[in-house]
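Structural overview for review
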Protein chains: 2
Amino acid sequence: MAQRAQKRPGRRPGASGTRAAILAAARTQFADSGFDAASVRAIARAADVDPALVLHYFGSKAALFAAALEIPFEADEIVERVVHGPRDQLGRRLALFFLSIWDEPARREAIMALLRAATTSADAADMLRERIGERVLRPVGEHLGEPDAALRMSLCASHLVGIGITRYIVHIEPIASLEPGALADLVAPALQRYMTGSLDS
Amino acid sequence: MAQRAQKRPGRRPGASGTRAAILAAARTQFADSGFDAASVRAIARAADVDPALVLHYFGSKAALFAAALEIPFEADEIVERVVHGPRDQLGRRLALFFLSIWDEPARREAIMALLRAATTSADAADMLRERIGERVLRPVGEHLGEPDAALRMSLCASHLVGIGITRYIVHIEPIASLEPGALADLVAPALQRYMTGSLDS
């Protein structure tokens, strides 16, 4: 935060740069302090902007919180790329979709911000749960045509989240350096069973 | 080692409370600032103790970093509880072991501190990777008697880490409220395949 505040004062990054700086500062504040303790004033100071500008862009602290902890894809995108196609390849497409999201730096940063916030703030964890539900679990689950869709999709989530962390954050080998297609092949059977297989052991 | 020191009988509760406060402050500092920027002085201030006391307990900043980011179990424990027993139940025992670790509040807090630090600090992520290797992947992998033990165990890690996060941090249902035995039954086939099955798709 100190580094951000020391940015050259003459530089005007433009609206999208300012918005991104506010979001980055908000993610740090919410992760460090939780929703209640975080303040628009402190976020504005960390982003080196006037508090009024924060409210101009985002409207309220709650709306800023929601924007800072946004999942970096829409339900339409995951349905389009995962649900459509041969049914016996659902697990592989789900794996490839998530790997492609993590492989884009901006989207990866957004996901890491969500995880970081969720490990420190119960408010952020609550919001992440709602967002995962509305962006991933429900839209894909509705298209499965299987009983226990919530259980099935939560099991998928429990694998995909861990793949992201071990591959992109903790860099455990060889998962960290496998080609996306090779890793998708390895985990597809587990995801496919969770989505369409028998869950009896 | 930290675990053993805390369990030693006859310790003064004041000392263990101070030690815990220093560790908690160190986890926050390392997660926020990374190893290089964190200072023993700032950690001492956050824990409300003299910097000399931090060094008295931990010896050095590096040793404090290591203690703050300790995995809350020993390799012996996981080998004992996972490797020993029927081979076709390896996956289920691995799942039950991790659920039992997360179900203990002190151990859960240590794991959450590790994950929080790893999402913010590359130093912490490096240390977590080394620790997972020496406490989980290598000791269990050595006993598998399978080729590709590193790949197999990293795939297990990619599921187990995600189960912990979705169940205990983000609280995704129904995973969050399943009985440990029922959840272990659901994920055991995936873990068993990673440990002993064919990895060709």
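Here the structure is a predicted model, which means the values were calculated and not measured.

1. Quick look at the overall build of chain A
A tally of helices and strands in chain A yields 11 helices and 0 strands. Tracing chain A from N to C terminus, the helices and strands come up as α-α-α-α-α-α-α-α-α-α-α. Each of the three principal axes of chain A carries a C-alpha extent, and together these read 60 × 35 × 25 Å. Here chain A holds 201 residues, and the buried ones make up 42% of them. The contacts in chain A between residues at least 6 apart in sequence include a share of 66% that link residues at least 24 apart.

2. Quick look at the environment of V54 of chain B
Residues and elements named next belong to chain B. Mapping V54 onto the fold places it in helix α4 (residues 51–58). Between the alpha carbons of V54 and L137 there is a distance of 32 Å; along the sequence they are 83 residues apart. Apart from the residues within four sequence positions on either side, V54 is in contact with I22, V40, I43, A44, V49 and L64.

3. Examining the interface of chain A and chain B
Interface size, as often reported, equals the accessible area lost upon joining of the parts. Of the residues lining the interface, 40 residues belong to chain A; the matching set on chain B comes to 39 residues. Breaking the side of chain A that touches chain B down by element, the ones donating at least two residues are α8 (105–120), α9 (122–144), α10 (149–169) and α11 (180–196) of chain A. Examining the composition of the side of chain A that touches chain B, we find that 14 residues originate from one element, α10 of chain A, more than from any other. Partitioning the side of chain A that touches chain B into residue classes produces 25 nonpolar, 9 polar and 6 charged.

4. A few points about the relation of the copies chain A and chain B
One copy of the chain maps onto the other through a rotation about an axis followed by a shift along the same axis. Once chain A is rotated about the relating axis by 180 degrees and shifted along it by 0.0 Å, it coincides with chain B to within an RMSD of 0.1 Å. Each copy turns onto its partner about a two-fold axis. In terms of proximity to the rotation axis, the leading residue of chain A is G162 of chain A, whose C-alpha is 1.8 Å off the axis. Both copies contact each other with a shared surface, as 98% of the interface residues of chain A are interface residues in chain B too.

5. Some points on helix α7 (residues 90–102) of chain B
Residues lying three or four places apart along an α-helix face the same way, a consequence of the helix completing one turn every 3.6 residues. Residue and element names in this part refer to chain B. Counted at 1.5 Å a residue, the expected span for α7 with its 13 residues is 18 Å, and the 19 Å between its end C-alpha atoms agrees. The buried count for α7 comes to 10 of 13 residues, which makes it a mostly enclosed element. Looking at the buried positions of α7, the neighbouring elements they touch are α6 (75–83), α8 (105–120), α10 (149–169) and α11 (180–196).

6. What to know about the nonpolar core
Membership of the largest hydrophobic core comes to 123 residues, with the highest contact counts inside it found for V187 of chain A together with L114 of chain B. What V187 of chain A contacts, discounting residues up to four positions off in sequence, is A95, H159 and I163 of chain A together with L155 of chain B.

7. Some thoughts on the confidence of the model for chain A
A low pLDDT means the predicted coordinates there should not be read in detail. Residues and elements named next belong to chain A. Per-residue pLDDT for chain A averages 88, and the proportion of residues at 70 or more is 93%. Put simply, helix α1 (residues 2–5) is where chain A has its lowest mean pLDDT, 42, and α11 is where it has its highest, 98. A low-confidence stretch, residues 1–11 (pLDDT under 50), is modelled with 12 contacts involving residues beyond four sequence positions or located in other chains. On the interface metric, ipTM, the complex scores 0.83, and its pTM is 0.83.

8. Notes on the environment of L137 of chain B
Residue and element names in this part refer to chain B. Following the sequence through the fold, L137 ends up in helix α9 (residues 122–144). For the pair L137 and D88, spaced 49 residues apart in sequence, the C-alpha to C-alpha distance is 19 Å. Non-local contacts of L137, meaning those with residues more than four positions away in its chain, are made with I132, A150, M153, S154 and A157.

9. Considerations on unusual backbone geometry
A cis amide bond links E173 of chain A with the next residue in sequence, P174 of chain A, at an omega value of 5 degrees. With respect to the secondary-structure elements, P174 of chain A resides in the loop between α10 and α11. Of note, the phi angle at D148 of chain A is positive, near 60 degrees, even though the residue is not glycine. As for its placement among the helices and strands, D148 of chain A is situated in the loop between α9 and α10. By the C-beta count within 10 Å, which is 14 here, D148 of chain A ends up partly exposed. Positive phi, close to 55 degrees, is recorded for H171 of chain B, a residue that is not glycine. Residue placement: H171 of chain B occurs in the loop between α10 and α11.

The rules behind each value
Residues numbered from 1 in each chain as written. Chains lettered and ligands numbered in written order. Predicted model: local features only at pLDDT ≥ 70, side-chain atom pairs only at ≥ 80, totals over all residues. Helix = DSSP H or I, 4+ residues; strand = E, 2+ residues; numbered from the N terminus. Buried ≥ 20, exposed ≤ 12 C-beta atoms within 10 Å, placed from the backbone. Contact = placed C-beta atoms within 7 Å. Nonpolar A, V, L, I, M, F, W, Y, C, P; charged D, E, K, R; others polar. Least-squares fit on C-alpha atoms with pLDDT ≥ 70 in both. Expected span 1.5 Å × (residues − 1). Core = buried A, V, L, I, M, F, W, Y, C linked by C-beta atoms within 7 Å. pLDDT = per-residue confidence, 0-100.

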